[in-house]
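A structural walkthrough
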2 protein chains.
Amino acid sequence: LNRPTLDDIRAAAERIAPHVHRTPVVHSSALDVELGLKAHFKCENLQKVGAFKARGAVNAVLQLDAQAAGRGVITHSSGNHGAALAYAARIRDIPCTVVMPEGAPPIKIDAVRGYGAEIVFCRRAERRAVCERVQDERGATLIHPYENPDVVAGQGTAALELLEQVGELDLVVAPVGGGGLLSGTAVAVRSTAPGTGVWGAEPETVDDAYRSLRDGIRHPAVPNPASWADGLLTGLGVRAFAILRESGVEIVTVDEAEILRATWTLIRRLKLVVEPSAATVLAALRRRAKALAGKRVGAILSGGNTDFRWLTDPALEGS
Amino acid sequence: LNRPTLDDIRAAAERIAPHVHRTPVVHSSALDVELGLKAHFKCENLQKVGAFKARGAVNAVLQLDAQAAGRGVITHSSGNHGAALAYAARIRDIPCTVVMPEGAPPIKIDAVRGYGAEIVFCRRAERRAVCERVQDERGATLIHPYENPDVVAGQGTAALELLEQVGELDLVVAPVGGGGLLSGTAVAVRSTAPGTGVWGAEPETVDDAYRSLRDGIRHPAVPNPASWADGLLTGLGVRAFAILRESGVEIVTVDEAEILRATWTLIRRLKLVVEPSAATVLAALRRRAKALAGKRVGAILSGGNTDFRWLTDPALEGS
């Protein structure tokens, strides 16, 4: 398997620098007191397109040769990667097609359209087939959201920046869905700071990464996955599984109430607009706070694109 | 009337510096394109206690002599000033009483209690009387939310900082309720940058400041005021009226739908958690965008304490 190295991540950081934000890192004294540790939050919710996905998509698109670029790029995504690829394509002024499921939220459709990409709607089950047909017809290059090594290298730049910004850490935590961010983080952290641990935060209802690393075999994606962390419904990818396993990454699962309480804490206390997927990292730190007493921890807030529908969930009562 | 000068505001800035944040100023290229101007947002939503109110309360409490301080401070407030005074009192480790209306939102009660203040509940109509009784009994000093010149000087430090951070501006906009922030802003801006205009943003449903400045007489507070901008329901104060009138401040009123759309824009596009009161400044810029074409504008985002109940308002449909 072709997997990115630290050099790839460093090259990606230089390549994408003109097109993405060096996002701030914030901390909260009150939250540190509550948790009994020192937590540094890397604000990828403030990244271009509102999520770390801009890093990987821009890195992949900038590396296409002129001929391939001219034929355009394509992906299937109902979430942040679609908007990120549309943003990346606009930088090079090349065509971009995003295959989206019928009934995708208007907020996400608008984001993709806002960057000038063409949207092809289809039923969820058909999206791979539709994607392949458009690839064949137009000669467009598929930029997969997490199975593409250039994308993974791009996602790894967030953790690289975090380490530059805050210095030595005992642990870095990132959310895990397909595993692009977490595997990029694992490569960046384990090769620059071998003593620093890497954890993935995963919704309990979509715990295939947890079971895969526990059992040493990649389990299939959870069928009909349901979680407020709508960025983490995808099954763990093949490449990501291999990297996470080699890197000794540990997965911490968190339940829906924990995810929502963490989202609300980040919004109410830190005044950060985060999506529930991002807040899984705080939920994981809370669940394991005892084991982390006194540690210096980095946590990647992956994105900030939410319609706040989760605010009506009764699990938030009293929070 | 005893009103603060630029020197008072400068002294306040130095006095409160160890206890409040120098809040960041942010801008959004996309929003600038939409508005056709360059807007700098001063993030007092990221201030201690989540609102600019920390500035005024800390400035007033730090100036009490030891004897007065020992007897404690008191205020009546159902909002951010109560929490700010509690925070300020904790800095000096002195008693603080906050008189709150029965039925105040739990989120606000918790904030005041969280800083260690005592809460006395009463009916809204009785709050002045209850406040006076507690003052008499305990010898506590009343720190009024906007009729106190030390409080106004403290609030003026936000605009002073904003000008230091972004340089020359054509206009500064701040929300107006009782007028503490807006009058402090007027003194700070008009005495350091006489060519820079000052506007107040006010909900249409609570437009006493607008009518007062238009007619040259201070109109009474609107009875039973209703607006999602719950920090701006108070009538314009006596001191504030005098300062705003002298300073040539203009009031721009905005309706509830404009306030909510602006709140949503700041949350969704800029990923800033703001309360509707704060978003009135963006609503005012939108309403007057034509007149401001090409201008450099500063806008004070007054606070970020919201329970998001406004998200269910049908006025937000399609935003």
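The next subject is the interface of chain A and chain B. At the junction of the two partners, chain A supplies 18 residues and chain B supplies 18 residues. A buried area of about 1,300 Å², summed over both sides, lies between chain A and chain B, and 68% of it is on carbon and sulfur atoms. Applying the counting criterion to the chain A and chain B interface returns 0 salt bridges. Inspection of the chain A/chain B interface yields 4 residue pairs in polar contact (both at pLDDT 80 or more). At the level of secondary structure, the elements contributing two or more residues to the side of chain A that touches chain B comprise α6 (106-114) and α12 (256-268) of chain A. The element that contributes the greatest number of residues to the side of chain A that touches chain B is α12 of chain A, accounting for 3 residues. The residue inventory of the side of chain A that touches chain B, partitioned by class, reads 9 nonpolar, 5 polar and 4 charged.

Residues and elements named next belong to chain A. You will see that D93, though not glycine, has its phi angle at about 55°, which is positive. Its place among the elements puts D93 in the loop between α5 (80-92) and β4 (96-101). Overall, D93 belongs to the exposed group, its relative accessible area being 70%. A positive phi angle, near 45°, is found at N224, a position not held by glycine. Using a relative accessible area of 75% as the deciding quantity, one classes N224 as exposed.

This part covers the sheet that holds strand β9 (residues 250-254) of chain A. Residue and element names in this part refer to chain A. With mixed pairing, the 6 strands of this open sheet are ordered in space as β1-β2-β10-β7-β8-β9. Every interior strand has two partners, whereas the edge strands, β1 (25-26) and β9, have only one. Judged from the 6 bridges that link them, strand β2 (residues 38-43) and strand β10 (residues 296-301) form a sheet pairing that is parallel. Directly across from C43, in β10, lies its bridge partner L301.

For the pair chain A and chain B, the superposition axis carries a translation of 0.0 Å, the fit reaches an RMSD of 0.0 Å, and the rotation angle comes to 180°. Here the symmetry operator amounts to a two-fold rotation axis. Interface overlap between copies: 100% of the residues of chain A at the interface are likewise at the interface in chain B, consistent with a symmetric, same-surface contact.

All names here are of chain A. Look at α5: 19 Å from first C-alpha to last across 13 residues, which is about the 18 Å you get at 1.5 Å a residue. Among the 13 residues of α5, 10 are classified as buried, and the element is accordingly described as predominantly covered. Three or more residues of α5 are buried, namely N80, H81, G82, A83, A84, L85, A86, Y87, A88 and A89. The elements touched by buried residues of α5 are α3 (53-62), β3 (73-76), β4 and α6. Note on α5: the residue one or two positions beyond its end, D93, has a positive phi of about 55°.

What counts, and where the lines are drawn
Residues numbered from 1 in each chain as written. Chains lettered and ligands numbered in written order. Predicted model: local features only at pLDDT ≥ 70, side-chain atom pairs only at ≥ 80, totals over all residues. Heavy atoms only, no water. Contact = heavy atoms within 4.5 Å. Buried area = accessible area lost by both parts, 1.4 Å probe. Salt bridge = Lys/Arg side-chain N within 4 Å of Asp/Glu carboxyl O. Polar contact = N/O pair within 3.5 Å; in protein donor to acceptor, adjacent residues only side chain to side chain. Helix = DSSP H or I, 4+ residues; strand = E, 2+ residues; numbered from the N terminus. Nonpolar A, V, L, I, M, F, W, Y, C, P; charged D, E, K, R; others polar. Buried < 20%, exposed > 50% of the residue type's maximum accessible area, 1.4 Å probe, protein only. Pairing = 2+ DSSP bridges. Least-squares fit on C-alpha atoms with pLDDT ≥ 70 in both. Expected span 1.5 Å × (residues − 1).

Keep in mind these values describe shape, not function.
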